[in-house]
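So you can see what is in the structure, the chains are spelled out below.
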Amino acid sequence: MPSSINLKVSDVLYKMSLLGEIEGINPFKVRAYKKASEVIKMLERDISLLSDDEILKINGIGNNMLKHIKDIIRDGTFPEYEKLLRKYPISLLDLFTIPGLGAKRIKILYEKLSIDSKEKLYKAAKNGDLSLIEGFGEKIAKNIIDSIERGITQQKRFLISEAMESAKGLVDYIRSLGYSRVEYAGSLRRGKETIGDIDILVEGNENLSEDIVKYPLIEKVIAKGSTKVSIILKNSIQCDIRIVKPESFGAALCYFTGSKEHNIALRELALKNGFVLNEYGLFKKGKVDKAIAGRSEEEIYKALNLQYIPPELRENQGEIELAMKGRIPKLIELKDIKGDIHCHTNMTDGASSIYEIVEYLSSRYEWFFIGDHSIPLHFVKGLDFRKYLDSRNELLKLREKFRKVDFDRSIELEVLKDGSFAFGEEELGKIALVIAAAHTSAKMKKEELTQRIIKALSNPFCDVFAHLSQRLLFQREELDLDYDLVFQKAKDFNSVFEVNGQPDRLDLKSENIRKVKSLGLKVILSSDAHSLEQFSYIEYALKNARRAGVQKEDVLNTYSYRELNEFFQENRKRRMK
Ligand code: DGT
Ligand code: CA
Ligand code: CA
């Protein structure tokens, strides 16, 4: 059971992240506060009872964070937080709930017009005062008035990792009660970027609802009937659990997996063919007492003369037409993935040593690359070339001990402002795998930024380009780039884009993966793990790729180690010509 002290610590760290954003502190720090807040909220044990070492083992918590946490446990606050509280009123944070307002705008509103509450904001928008500030057009003012009048706040959504971890806990609990057929449905099963609420289906009977509400992580029970239980978990995620009979399990799974738009299209198709389709089954029109399909989803699609449609494609974006023609692509699967390329060790901002990572991955993959940030990212201790080489040698020594698996050292190499790399050509030639990435691009104009990225892509040693858009879900918009131009140029260089599996990145997003695939370019999936548990984040990259219709042959993680290295060497040679 999460203790109230955990919620208190989590709350202070969350508020610190928002105030930090307003203040404009280093985005890595903002992210660290947010992440720490999230994991502590989910923690089952009372954090005030843990030793320092135990706290440091929690994902995403380093020494600085540990100090803040201990301060909060003792004093309810910590010095850096107090400093910002003296500068900004806490009521400012209410403005984050208004759609369209982020940290930058909130800061401007406060500094230029002393707006620190919804009431003052509403008045200013009504009076037309907002138009005095550059960047606040009529549209924003109207949005603000609208949303405050109608009491609309940003509908809270969750990162897929947060929802998935909660859902797994609940599913394990239901299984422990003796129910064996338990499935995720809704957006979680479709692998959407963010999740509104968790949907779970259980084959069971009415006794189940009595047992479910005894789950210790429940904050509040909203509804409890014989076929549906709705609860809110301690971390404020809502969860709808439906209790279904075996003969309708497939129909219910199909219905509650959605999307709503897919359901509607499917139902219309059924009607056209003389059927009725609902969450209980597929019926001949006029004969609703006996279903002709319903036990499994496969049965239903088959009876409608459709190929089976994987959940990730059920968005009514042409998948039904493809299924009619038998042209649903065979999507890449987890078992096709032979390795990962991008992670971080404790030399920079990761939690584990090179040795720990090799040991961990050697039983999971055929091959892998262990990376780290490069200079000039000092605040995450980015490596210079010397440190890269030394740590590479350290890593290669382990080949002797771990013979069954192939591995080498990659680097997440910083793209400088002018599009050149932090290392020179001669150095680059000695790097096993260059993952180019930009982390600092504030204030560049669209055109300039686009040219910078294109220049980086044109570098012969740009093996992979990481998290192109730099978006952070719920935190930072994607870069304002001419994406189509970037992708078109990328075709000339045969560039490889990363699909980053960090749940707040998911970058490239699936629309862009589709574009890249249609140009015949390959992608590579990565976990960008900062701790051992995060290596599983590659599954979120996979879901994102599947939603884009990506197949095995589009993805370099499915190559053998030799094929992969040949591919990159070939690319380097070709670009040098
Ligand atoms: P979310 O929770 O916002 O991330 O997205 P979903 O897709 O999980 O939506 P949710 O939880 O409201 O409903 C779960 C599924 O139930 C949805 O994907 C399709 C089905 N469903 C819900 N409402 C309707 C409806 O009005 N019509 C139809 N045909 N299906 C619906
Ligand atoms: Ca849902
Ligand atoms: Ca739902």
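Residues numbered from 1 in each chain as written. Chains lettered and ligands numbered in written order. Predicted model: local features only at pLDDT ≥ 70, side-chain atom pairs only at ≥ 80, totals over all residues. Heavy atoms only, no water.

Engineer: Teacher, can you tell me more about the site of ligand 1 here?
Structural biologist: Taken together, the neighbourhood of ligand 1 is formed by 16 residues, with Arg 157, Ser 187, Arg 190, Gly 196 and Asp 197 sitting nearest. One of the side-chain nitrogen or oxygen atoms of Tyr 255 is found 3.4 Å away from a nitrogen atom of ligand 1. Between ligand 1 and the protein, one listed contact pairs a nitrogen atom with a side-chain N or O atom of Asn 263 at 3.2 Å. Notes on ligand 1: free accessible area 590 Å², of which the protein chains cover 71%. Contributions of two or more residues to the shell around ligand 1 are made by α10 (186–190), α12 (249–257) and α13 (260–272). Taken together, the residues of the shell around ligand 1 break down into three nonpolar, seven polar and six charged. Formed jointly, the shell around ligand 1 draws a minimum of three residues from each of two domains, domain 2 (158–244) and domain 3 (255–324). (Near = heavy atom within 4 Å. Polar contact = N/O pair within 3.5 Å; in protein donor to acceptor, adjacent residues only side chain to side chain. Areas by Shrake-Rupley, 256 points an atom, 1.4 Å probe, with all protein chains shown as cover. Helix = DSSP H or I, 4+ residues; strand = E, 2+ residues; numbered from the N terminus. Nonpolar A, V, L, I, M, F, W, Y, C, P; charged D, E, K, R; others polar. Domains from an automatic or database assignment.)

Engineer: What am I meant to see in the sheet that holds strand β6 (residues 228–233) here?
Structural biologist: One key point about sheets: their strands pair by backbone hydrogen bonds, in either a parallel or an antiparallel sense. Strand order in this open sheet of five strands is β2-β4-β7-β6-β5, and the pairing throughout is mixed. Sheet topology places β2 (182–185) and β5 (218–224) at the edges, where each strand pairs with a single neighbour. In this sheet, adjacent strand axes meet at a mean angle of 25 degrees when their direction is disregarded. Of the strands in this sheet, β2, β4 (198–203), β6 and β7 (238–244) are in contact with helix α9 (residues 160–176), which crosses β4 at around 20 degrees. (Pairing = 2+ DSSP bridges. Axes fitted to C-alpha atoms, helices over the stretch in contact; angles between N-to-C directions. Contact = heavy atoms within 4.5 Å.)

Engineer: Sorry if this is basic, but what is going on with the coordination of the calcium ion (ligand 2) here?
Structural biologist: Six octahedrally arranged donors around a metal ideally form angles of 90 or 180 degrees; four tetrahedrally arranged donors ideally form angles of 109.5 degrees. Within the protein, Asp 197 (O), Asp 197 (OD) and Asp 199 (OD) serve as the donor atoms for the calcium ion (ligand 2), at 2.2 to 2.6 Å. For the calcium ion (ligand 2), the six donor atoms in the first shell make angles of 69 to 167 degrees at the metal, so the coordination geometry reads as irregular. Between the calcium ion (ligand 2) and the calcium ion (ligand 3), both coordinated by Asp 197, there is a metal-metal distance of 3.7 Å. Judged by its relative accessible area of 10%, Asp 199 is buried. (Donors = N, O, S within 2.8 Å, 3.2 Å for Na, K, Ca; no water. Tetrahedral: all angles 85-135°; square planar, octahedral: opposite > 155°, others 65-115°. Buried < 20%, exposed > 50% of the residue type's maximum accessible area, 1.4 Å probe, protein only.)

Engineer: How should the side chain of Asp 408 be read in this particular structure?
Structural biologist: Summarising the element assignment, Asp 408 is placed in strand β12 (residues 406–414). Relative accessible area serves as the criterion here: at 5%, Asp 408 is assigned to the buried category. There is a polar contact of 2.8 Å between the side chain of Asp 408 and the side chain of Arg 392. Setting aside anything within four residues of it in sequence, one finds Asp 408 in contact with Phe 368, Phe 369, Ile 370, Arg 392, Leu 395, Leu 396, Arg 399, Ala 432 and Tyr 561.

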